[in-house]
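The chain contents come next:
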Amino acid sequence: MRPYLPAKTYQAFESNCPFEFEFHENASIRMRKDHYCWFTIQYPQLKAEIHLTYKPVENNLSEYLSQTHKLAYDHHFKASNILEKKIQEKDKDLYGLCYFLEGEVASNTQFFLTDSTDHFVRGSLYFNSKTQPDSLAPYLSYINADIDRFIESFKWK
């Protein structure tokens, strides 16, 4: 059976965070109160969440990059493949990397964005269900398109 997936319409994320972006109108954002600009984009109908964390860069970008790489590759023993997609938009001062993990992994898509001097954002997609790659494939593709839109619309303030 083909799953029902809502039409793609996006809205602006407005906050006091040092960035802005667009997200799917059928998703909701839950801000964490214990960390500045840490939040979750929730897809309740799809039982999925994108966890986003912001950290200021203070001469520690290499540490953040190393942690992000480690978090993605910690799944290598379960992943059948890990693909990487480079993000480089010099006009927006936006650089990063997306990791696409194939197989029965806890987080299928992870990414980071940075301006390389002041700001760092990390994201990871999780489904609140048992990892079954074949049955999750249409949902993964659907949310990965939203992640693409998030990155395309992302701007530092």
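Keep in mind that what you see is a predicted model, and the values were worked out from it rather than measured.

1. Looking at the overall build of the protein
Now for step 1: When you go through the protein residue by residue, the secondary structure sums to two helices and 10 strands.
Now for step 2: In the protein, the order of α-helices and β-strands from amino to carboxyl end is β-β-β-β-β-α-β-β-β-β-α-β.
Now for step 3: Its C-alpha radius of gyration of 15 Å places the protein within 12% of the 15 Å reference for a compact globule of 157 residues.
Now for step 4: C-alpha atoms of the protein, sized along the principal axes, occupy 50 × 35 × 30 Å.
Now for step 5: Looking at the protein residue by residue over its 157 residues, the buried ones come to 44%.
Now for step 6: Within the protein, residue pairs in contact and separated by at least 24 positions form 47% of the contacts whose partners lie at least 6 positions apart.
Now for step 7: As displayed, the protein has an accessible area near 8,800 Å², and 50% of this comes from carbon and sulfur atoms.
Now for step 8: Each charge sign in the protein was given a centre, from 18 positive and 21 negative side chains, and these centres are 5 Å apart.

2. Comments concerning the state of the cysteines
Now for step 1: What the rule picks out here adds up to one disulfide.
Now for step 2: Across a sulfur-sulfur distance of 2.1 Å, Cys17 and Cys37 are joined as a disulfide pair. On the sign convention where negative is left-handed, the bridge of Cys17 and Cys37, at about -115° about the S-S bond, is left-handed. Residue Cys17 is found in the loop between β1 (10-13) and β2 (19-24), and its partner Cys37 is found in the loop between β3 (28-31) and β4 (39-43); the two are separated by 20 residues along the sequence.
Now for step 3: Relative accessible area serves as the criterion here: at 2%, Cys17 is assigned to the buried category.
Now for step 4: For Cys98, which is in no disulfide, the shortest distance to another cysteine sulfur is to Cys17 and amounts to 19 Å.
Now for step 5: Looking at Cys98, the relative accessible area reads 1%, which means it is buried.

3. With respect to the nonpolar core
Now for step 1: Within the largest apolar cluster, 32 residues are counted, with the highest numbers of intra-cluster contacts made by Phe19, Ile41 and Ile143.
Now for step 2: Secondary-structure elements contributing two or more residues to this core are β2, β4, β5 (48-56), β7 (94-103), β8 (107-114), β9 (119-127) and α2 (133-153).
Now for step 3: Here this core gets seven residues from one element, more than from any other, and that element is α2.
Now for step 4: Ignoring any residue separated from it by four or fewer positions in sequence, one finds Ile143 in contact with Tyr43, Leu46, Ala48, Ile50, Leu125 and Phe127.
Now for step 5: Leu61, Tyr99, Phe112 and Phe120 belong to the second-largest nonpolar core, a separate cluster that totals 12 residues.

4. Side note on the sheet that holds β2
Now for step 1: Pairing within the open sheet is antiparallel, and its three strands lie in the order β1-β2-β10. Whereas interior strands pair on both sides, the edge strands pair on one side only; in this sheet they are β1 and β10 (155-156).
Now for step 2: The pairing of β1 with β2 spans four bridges and is classified as antiparallel. Bridge assignment links Phe13 to a residue of β2, and that residue is Phe21.
Now for step 3: In this fold α2 packs onto β1, β2 and β10, with an angle of close to 155° to the strand it touches most, β2.

5. Notes on the sheet that holds strand β6 (residues 79-89)
Now for step 1: Within the open sheet, the seven strands sit side by side as β3-β4-β5-β9-β8-β7-β6. Their pairing is antiparallel. Lying at the two open borders of the sheet, with one neighbouring strand each, are β3 and β6. Going from strand to strand, the sheet's axes swing by 15° on average, the running direction of each strand aside.
Now for step 2: Of the pairings in the sheet, the one linking β8 to β9 comprises six bridges and is antiparallel in character. Within the sheet, the bridge partner assigned to Phe112 lies in β9 and is Arg122.
Now for step 3: Strands β5, β6, β7, β8 and β9 of the sheet are contacted by helix α1 (residues 61-73), whose axis makes an angle of about 10° with β9.
Now for step 4: Packing of α2 onto the sheet brings it into contact with β4, β5, β6, β7, β8 and β9, and relative to β8 it is tilted by some 10°.

Basis of the calculations
- Residues numbered from 1 in each chain as written.
- Predicted model: local features only at pLDDT ≥ 70, side-chain atom pairs only at ≥ 80, totals over all residues.
- Heavy atoms only, no water.
- Helix = DSSP H or I, 4+ residues; strand = E, 2+ residues; numbered from the N terminus.
- Rg over C-alpha atoms; globule rule 2.2 N^0.38 Å.
- Buried < 20%, exposed > 50% of the residue type's maximum accessible area, 1.4 Å probe, protein only.
- Contact = heavy atoms within 4.5 Å.
- Areas by Shrake-Rupley, 256 points an atom, 1.4 Å probe, with all protein chains shown as cover.
- Lys, Arg positive; Asp, Glu negative; His and termini not counted.
- Charge placed at Lys NZ, Arg CZ, Asp CG, Glu CD.
- Disulfide = S-S within 2.5 Å.
- Core = buried A, V, L, I, M, F, W, Y, C linked by side-chain atoms within 4.5 Å.
- Pairing = 2+ DSSP bridges.
- Axes fitted to C-alpha atoms, helices over the stretch in contact; angles between N-to-C directions.

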